[in-house]
Amino acid sequence: MLIGLLTAVVASICYGTGSVLQAVGSRRSARREAAAGLTTQHGGPSLSSTAKAAMTWEFIVGTVLDFVGFGLGALAARMLPLFLSQTVISANLVVTAVLSVRMLGIRLTRAEWTSIGVVCSALVLLATAAGAEGSGHTPIATHWWLLAVSLLLMVGGTVVVRLLGARAAILAGLLSGLGFGALGVGVRVLNGVDPFDPGALLTDPALYAVLVAGVGGMYLHTVALQIGSVNGATAALVVGETVLPGMIGVLWLGDASRPGFAWLAVVGFVLAVAGAVAVAWFGEPEGGPSPAVAHEPGELARIG
C-alpha cells in the first residue's frame, strides 16, 4: 500500500502543478480572444480560444504533467481502494492553491488555508483507515454501461457548457471531475492488463471509456479554467472525481476499509470533499495583475 500511496501523491503533485500552468496559458489566450471579440454568443470561450490555449508553452508543459499524473494515477487506482486513490489524487487542489499564490497572483484567505489543512488532515485519516482494494472483476455489460455513461457525460456536458457560456465554470469543473472519476473506474475494471493480453485489452469497452472520459475531462477542465476561478473549478473537479468513484469502489468493486475503521474512512472522506469545496466557497473575488502576465499592460490577472 505504501508504494500505491506514494504513486498517488506524486500523481497529485503532477496534476496540481499542471493545472496552474494550464490556467496561465488558458487565461492569457482567453483574454486575447475576448479582446478580439472571439467568444460565443453566450459569453464563453470559442473553440478557437480553447485550441489556442492548448498551444501555449505553459499549457503544453501542464499537459505533459497531466499525462504523467494520469499514468501514475492509473497505477494507483489498481493498487489502492478508489476512495483512497481518487481522494489523494484530487488533493492536487492543495498544490494548485499554493502554486497559484505565486504564479497567478492569488491571495488565499485564512479560511482557505484552514480548508487546505482540513483536506490534508482528512487524507491522513483515509490512509489510516484504508484496507485492501477490490478485485475489479465485473461483467462485460458493466464495461459497456461505463462507456455509455462516459459518452453521455462528456458529449452532453460539452453541449450544455457551451450553451451556458460564462456561467458554466463550476459545472464544467464538476463534469471534468466526473470524467476523471470514470477514468479511474475504467482503469480498475480494465481487462487484459494483468496478465497482459492485447486482444482482451483492445476489445474491452472500458478502454474506450477511459479514452473518452480522459479526453473529455481534460477539455472541460480547460474550459473551466478559462472562464472561472482556478480554485473553484478544481474544487468542483474534486467532488466529481472522488464521491461517485469512491461509492462505486465500495458498493461494486469490493473496496474496503480496515476492520473496525469504516467510521474513520467515512469521516476522512467527507472531510476531504468538504474541505475541497470550502476552498471554492471561501475564495476571494478575482482580480489584479498576475506576475505571469505582468508585462502585458491592461490585462487582468484572472477571469471570472
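For the structure itself, look to the data block above.
In what follows, the accompanying structure is described. What you see is a predicted model, and the numbers here were worked out from it, not measured in a lab. (Residues numbered from 1 in each chain as written. Predicted model: local features only at pLDDT ≥ 70, side-chain atom pairs only at ≥ 80, totals over all residues. Heavy atoms only, no water.)

## Remarks on the side chain of Thr242
You can see Thr242 is positioned in helix H11 (residues 230-251). Thr242 sits in the buried class, given a relative accessible area of 1%. Sequence-distant contacts of Thr242, that is, excluding residues within four places in its chain, are made with Gln86, Thr87, Ser90, Phe269 and Val273. (Helix = DSSP H or I, 4+ residues; strand = E, 2+ residues; numbered from the N terminus. Buried < 20%, exposed > 50% of the residue type's maximum accessible area, 1.4 Å probe, protein only. Contact = heavy atoms within 4.5 Å.)

## Re helix H6 (residues 110-129)
Three- or four-residue spacings in an α-helix give side chains the same orientation, since the helix completes a turn every 3.6 residues. When the terminal C-alpha atoms of H6 are compared, their 29 Å separation across 20 residues agrees well with the 28 Å that a helix rising 1.5 Å per residue should span. Every buried residue of H6 is listed here: Glu112, Ser115, Ile116, Val119, Ala122, Leu123, Leu126 and Ala129. Buried positions in H6, seen along its axis, are confined to an arc of 145° and lie on one side of it. Exposed residues lying more than 90 degrees from the buried face of H6 are Arg110 and Val124. (Expected span 1.5 Å × (residues − 1). Arc of directions from axis to C-beta.)

## With respect to the pattern of salt bridges
Throughout the structure, instances matching the rule amount to one salt bridge. One salt bridge connects Asp255 with Arg188, and the closest N-O pair in it is separated by 2.9 Å. Remark: Arg188 occurs in helix H8 (residues 169-189) and Asp255 occurs in the loop between H11 and helix H12 (262-281); sequence separation between them is 67 residues. Asp255 sits in the buried class, given a relative accessible area of 4%. On the basis of relative accessibility, which here comes to 3%, the residue Arg188 falls in the buried class. (Salt bridge = Lys/Arg side-chain N within 4 Å of Asp/Glu carboxyl O.)

## Looking at the environment of Leu82
On the secondary structure map, Leu82 appears in helix H4 (residues 82-90). Residue classification places Leu82 among the buried positions, given a relative accessible area of 0%. Separated by 99 residues in the primary sequence, Leu82 and Gly181 have C-alpha atoms spaced 9.2 Å apart. Not counting chain neighbours up to four residues away, the residues in contact with Leu82 comprise Ala77, Thr87, Gly184, Val185, Arg188, Pro245, Gly249, Leu253 and Asp255.

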